[in-house]
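So you can see what is in the structure, the chains are spelled out below.
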Amino acid sequence: MIGDLDPLMQARGLSAIIVPLHESMHSAFRWIARGAKLTKGYAVKVAGKEPVLVAYPMEREEAAASGLTTRLVHDFGYDRMFRDATPVSAYGEFFDVILRELGASDTVAFFGNVPVHLYVGIAGEMKRRGWNVGSDGVDLIQLARKRKDDHEIEIIRSVGARTEQVVDGVRTMLRERRGLRIGDIKAFITSEITRLGMIEDHETIVSQGRHAGVPHSRGDAGAVLRESVPLVIDIFPSDRATGYFFDLTRTFCTGTIPEELHRVHGEVKEAFERARDAMKPDTPASSYQALVCNFFESKGYSTIRKDPATLAGYVHGLGHGVGLDIHEKPSFALQPSNQDRVETGDILTIEPGLYFPEREIGVRIEDTFVVRQDGVESLCHGSRELEP
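Please read these numbers as outputs of a predicted model, since none were measured by experiment. (Residues numbered from 1 in each chain as written. Predicted model: local features only at pLDDT ≥ 70, side-chain atom pairs only at ≥ 80, totals over all residues. Heavy atoms only, no water.)

Caption draft 1: Structural view of the overall build of the protein chain. Of regular secondary structure, the protein chain possesses 11 helices and 20 strands. For the protein chain, whose C-alpha radius of gyration is 24 Å, the value lies close to the compact-globule estimate of 21 Å for 388 residues. With the principal axes as the frame, the protein chain shows a C-alpha extent of 75 × 40 × 35 Å. Taken over 388 residues, the protein chain has a buried fraction of 53%. A sequence separation of at least 24 residues applies to 65% of the contacts in the protein chain between residues at least 6 apart. Seen as two clouds, the 47 positive and the 57 negative side-chain charges of the protein chain have centres 1 Å apart. (Helix = DSSP H or I, 4+ residues; strand = E, 2+ residues; numbered from the N terminus. Rg over C-alpha atoms; globule rule 2.2 N^0.38 Å. Buried < 20%, exposed > 50% of the residue type's maximum accessible area, 1.4 Å probe, protein only. Contact = heavy atoms within 4.5 Å. Lys, Arg positive; Asp, Glu negative; His and termini not counted. Charge placed at Lys NZ, Arg CZ, Asp CG, Glu CD.)

Caption draft 2: Layout of helix 11 (residues 286-298). An ideal rise of 1.5 Å per residue puts 18 Å on 13 residues; helix 11 measures up with 18 Å between its terminal C-alpha atoms. All of the buried residues in helix 11 are Ser286, Tyr288, Gln289, Ala290, Val292, Cys293, Phe295 and Phe296. Count one or two residues on from helix 11 and you reach glycine 300, which has phi positive near 90 degrees. (Expected span 1.5 Å × (residues − 1).)

Caption draft 3: Layout of the sheet that holds strand 2 (residues 40-46). One open sheet holds the 6 strands; their spatial order is 4-3-2-1-5-6, and the pairing between them is mixed. The open sheet has two edge strands with one neighbour each: strand 4 (69-72) and strand 6 (132-133). Note that strand 5 (residues 107-110) and strand 6 share 2 bridges and pair parallel. Directly across from valine 108, in strand 6, lies its bridge partner valine 133. (Pairing = 2+ DSSP bridges.)

Caption draft 4: Spatial organisation of the sheet that holds strand 8 (residues 205-208). Judged by pairing direction, the sheet is antiparallel, and its 3 strands sit side by side in the order 8-9-11 without closing on themselves. In this open sheet, the two edge strands, each paired with only one partner strand, are strand 8 and strand 11 (248-252). Across this sheet, the average inter-strand angle for adjacent strands is 10 degrees, counted without regard to direction. When strand 8 meets strand 9 (residues 231-235), the two strands line up antiparallel, connected through 4 bridges. Paired with isoleucine 205 across the two strands is aspartate 234, which belongs to strand 9. The sheet strands contacting helix 8 (residues 150-176) are strand 9 and strand 11, and the helix crosses strand 11 at an angle near 10 degrees. (Axes fitted to C-alpha atoms, helices over the stretch in contact; angles between N-to-C directions.)

Caption draft 5: Structural view of the nonpolar core. With 60 residues, the main nonpolar core has Leu5, Ile141, Ile185 and Ile189 as its most contacted residues. Among the elements that take part in this core, helix 8 stands out by supplying 9 residues, more than any other. When near neighbours in sequence (up to four residues on either side) are disregarded, isoleucine 141 contacts Leu5, Ile17, Val19, Ala28, Trp31, Ile32 and Phe111. (Core = buried A, V, L, I, M, F, W, Y, C linked by side-chain atoms within 4.5 Å.)

Caption draft 6: Molecular detail of the layout of surface pockets. Within this model, the largest pocket holds a volume of roughly 410 Å³. Taken together, 18 residues line the largest pocket, and the ones lying closest to its centre are Trp31, Arg34, Gly35, His151 and Tyr244. Broken down by secondary-structure element, the contributors of at least two residues to the lining of the largest pocket are helix 2 (27-32) and helix 8. Classifying every residue of the lining of the largest pocket gives 9 nonpolar, 3 polar and 6 charged. Of the volumes computed, that of the second largest pocket is approximately 340 Å³. What lines the second largest pocket is a set of 21 residues, among which Met25, His26, Ser27, Leu324 and Asp325 lie closest to the centre. When residues of the lining of the second largest pocket are traced back to their parent elements, those giving at least two are helix 2, helix 7 (140-145) and strand 10 (238-239). Per element, the largest residue contribution to the lining of the second largest pocket is 3 residues, and it comes from helix 2. A breakdown of the residues in the lining of the second largest pocket according to their chemical character gives 6 nonpolar, 8 polar and 7 charged. (1 Å grid on protein atoms, 1.4 Å probe; cavity = no way out; pocket = protein on both sides within 12 Å on 5 of 7 lines; lining within 4 Å. Points joined across faces, edges and corners; volume = space filled by probe spheres on them. Nonpolar A, V, L, I, M, F, W, Y, C, P; charged D, E, K, R; others polar.)

As structure tokens, then:
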């Protein structure tokens, strides 16, 4: 949340940060600029002060609608600077003037998606003008975005409710229609996501049998839906208006459920419930990946802890944060370098799975949760059973 940004800046000795936007909206700018719908602009955050939006005249009203203080590029001599100088030199002077006028000093850093070929040169130009430009390699915007405020939580809850509407529609299709192709299910999901005010930012995963045994296989759209093999649906739309994501996975099986699939699904569900019930704030995120590895290894399965290259068994991490990106902090990775902690206000997924592509088995169960003071609250309410 925005209140976490100043302490993060202070800990690194940053007097200001700049988050540029060049044509393509990205999550860092969307967050710090309160969703301002610009095509080009600059968010400048001086330590201890609210961010300021520096916008171009054509988008001044969109910038002002954010509620942030808005300045126009011409207030800082933009026309003169860019008339004859190279872009690198002009931007160096431009940011120098902005920072000094807004009260920054000494050390500053850039964050967000920037044209690297341009900003490497800009950083050098600003150093020549007396600024210490750089960071410790940690994305402070992503760290500050990790914990969500109440408004963000309610937006994501709304995206979740609509996502479950889509999945409920798929359940109905699976129960009532025969001869479905994987592409029919995908087309329905895409249509419903759009109808409900969301965007399919990445193609929804709808995979069966062997494809379900490869976690991010998108499946074969032309294949006819088969009975008695698992069907994995991993759906992660974003809200069209705000950009916030949701993430939900269910594994279904039509027809007779084979005994082996029923057992594997039950074990994945137990791993899911163990991680959910154990998770508390102010704990190492990696401890929950270790918990699930312990459980699956006790059942005789390979895990990425025992064999990082394994393609069968438990082959991925337990989950991830969710927000303006589909994958945010915290990370559940077991590497010693991962110091992420589960904190109150985090929104994250728990999504254990087991995969055996050669046996045409893949099972994953995933909910999105908000971390509360006494544990986690699922933002999903639909069934997690194999039956549609």
